[in-house]
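What follows is the residue order along each chain.
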Amino acid sequence: MDRVTDSHSFAPMGFDDLDWVVAQEATLHAFPWTRGNFVDSLNAGYLHRLMFEAGVPIAYAVVLGVIDEAHLLNLSVVRSAWGRGCGQRMLEHLIEEARQGAIRQYFLEVRPSNTAAIALYQRLGFAEIGRRKRYYPAPEGREDAIVMRREL
Ligand SMILES: CC(C)(COP(=O)(O)OP(=O)(O)OC[C@H]1O[C@@H](n2cnc3c(N)ncnc32)[C@H](O)[C@@H]1OP(=O)(O)O)[C@@H](O)C(=O)NCCC(=O)NCCS
């Protein structure tokens, strides 16, 4: 399929979107956020975004802003849309929003086993700045987190 063009749009994610988001989350992550996790992050006022293609939701993201820093907490693209630029487009949009909000540094954490996500982040200028040992639950025990940062 073609890579994304200008047919995408973005909107805030709200409580009414959680049936769709939670259903996607369960298929996209080995250790998915629960509905309660999303409810908590919405109530906490974090930035939540949906990305649409031709009016159909295909990606979502959650970002925590702290003064002049942004922390990407969740970036997910529906499986049927993988590999054609949607994740990159969503992240570019988030970074542009962050810039307009006077964010200076963007941080994220990623599993070392998530090579697709790491490649995407490197492609958009994120570089590893450290590791959090045994940060994530894993099928067998725990997995480290790679901490990545991009200055804006
Ligand atoms: C990771 C994820 C967001 C990538 O979304 P995507 O829309 O498939 O990514 P894109 O098509 O925008 O890819 C952009 C770049 O990322 C990298 N990339 C994406 N998928 C890749 C793969 N399977 N293998 C290697 N690199 C990959 C490439 O650099 C790619 O550029 P290219 O296509 O020119 O080579 C998506 O696979 C996903 O939602 N996975 C499940 C949830 C998840 O792991 N989220 C990240 C948690 S930290």
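Residues numbered from 1 in each chain as written. Predicted model: local features only at pLDDT ≥ 70, side-chain atom pairs only at ≥ 80, totals over all residues. Heavy atoms only, no water.

### A few points about the environment of P137
Within the secondary structure layout, P137 lies in strand β6 (residues 127-137). Residue class for P137 comes out partly exposed when judged on its relative accessible area of 31%. Those residues in contact with P137 that lie beyond four places of it in its chain are F31, R111 and R142. (Helix = DSSP H or I, 4+ residues; strand = E, 2+ residues; numbered from the N terminus. Buried < 20%, exposed > 50% of the residue type's maximum accessible area, 1.4 Å probe, protein only. Contact = heavy atoms within 4.5 Å.)

### Describing the nonpolar core
L72, L91, L94, Y106, V110, Y121 and F126 are the most contacted members of the largest nonpolar core, which has 29 residues in total. Ranked by residues supplied to this core, first place goes to helix α3 (residues 86-100) with six residues. Ignoring any residue separated from it by four or fewer positions in sequence, one finds V110 in contact with A117, I118, Y121, Y136, D144, A145, I146 and M148. Membership of the second largest hydrophobic core comes to 11 residues, among which are M13, F38, L50 and Y60. (Core = buried A, V, L, I, M, F, W, Y, C linked by side-chain atoms within 4.5 Å.)

### Some points on the packing of helix α1 (residues 18-28) against helix α2 (residues 35-43)
Where α1 meets α2, the axes come as close as 10 Å, and the angle between the chain directions of the two elements is 130 degrees. Taken together, α1 and α2 sit at an angle that is classed as oblique. α2 is crossed by α1, and the crossing has right-handed handedness. Contacts from L18, D19, V21, V22 and E25 of α1 reach α2 at R35, F38, V39 and L42. Taken together, the residues of the contact of α1 with α2 sort by class into six nonpolar, no polar and three charged. (Axes fitted to C-alpha atoms, helices over the stretch in contact; angles between N-to-C directions. Parallel < 35°, antiparallel > 145°, perpendicular 65-115°, else oblique. Left-handed = near helix turned anticlockwise from the far one by under 90°. Nonpolar A, V, L, I, M, F, W, Y, C, P; charged D, E, K, R; others polar.)

### Topic: the site of the ligand
The environment of the ligand is formed by 22 residues, the closest being L75, G83, G85, G87 and N114. A distance of 3.1 Å is found between an oxygen atom of the ligand and a backbone nitrogen or oxygen belonging to R84. Between L120 and the ligand, the recorded distance is 3.5 Å, taken from a backbone N or O atom to an oxygen atom. Compared with its free state, where it exposes 930 Å², the ligand has 74% of that area covered by protein. (Near = heavy atom within 4 Å. Polar contact = N/O pair within 3.5 Å; in protein donor to acceptor, adjacent residues only side chain to side chain. Areas by Shrake-Rupley, 256 points an atom, 1.4 Å probe, with all protein chains shown as cover.)

### Focus: α3
End to end, α3 covers 21 Å across 15 residues, agreeing with the expected 21 Å (1.5 Å per residue, within 8%). Listing the buried residues of α3 in full gives C86, G87, Q88, M90, L91, H93, L94, I95 and A98. At the exit of α3 stands A102, carrying a positive phi of roughly 70 degrees. (Expected span 1.5 Å × (residues − 1).)

### Quick look at the layout of surface pockets
The volume enclosed by the largest pocket comes to roughly 1200 Å³. Elements that contribute at least two residues to the lining of the largest pocket include exactly α1, β4 (69-77), α3, β5 (105-110), α4 (115-123) and β6. Ranked by residues supplied to the lining of the largest pocket, first place goes to β4 with six residues. (1 Å grid on protein atoms, 1.4 Å probe; cavity = no way out; pocket = protein on both sides within 12 Å on 5 of 7 lines; lining within 4 Å. Points joined across faces, edges and corners; volume = space filled by probe spheres on them.)

### Digging into the sheet that holds β6
Strands sit in the order β1-β2-β3-β4-β5-β7-β6 across an open sheet of seven strands; the sheet is mixed. Both outer strands of the open sheet, β1 (8-12) and β6, are each paired with one neighbouring strand and no more. For this sheet, the mean inter-axis angle between neighbouring strands, taken without regard to orientation, is 25 degrees. Note that β4 and β5 share four bridges and pair parallel. Within β5, the position partnered with A70 by the bridge is Y106. Against the sheet, α1 touches β2 (47-53), β3 (56-66) and β4, its axis set at about 90 degrees to β3. (Pairing = 2+ DSSP bridges.)

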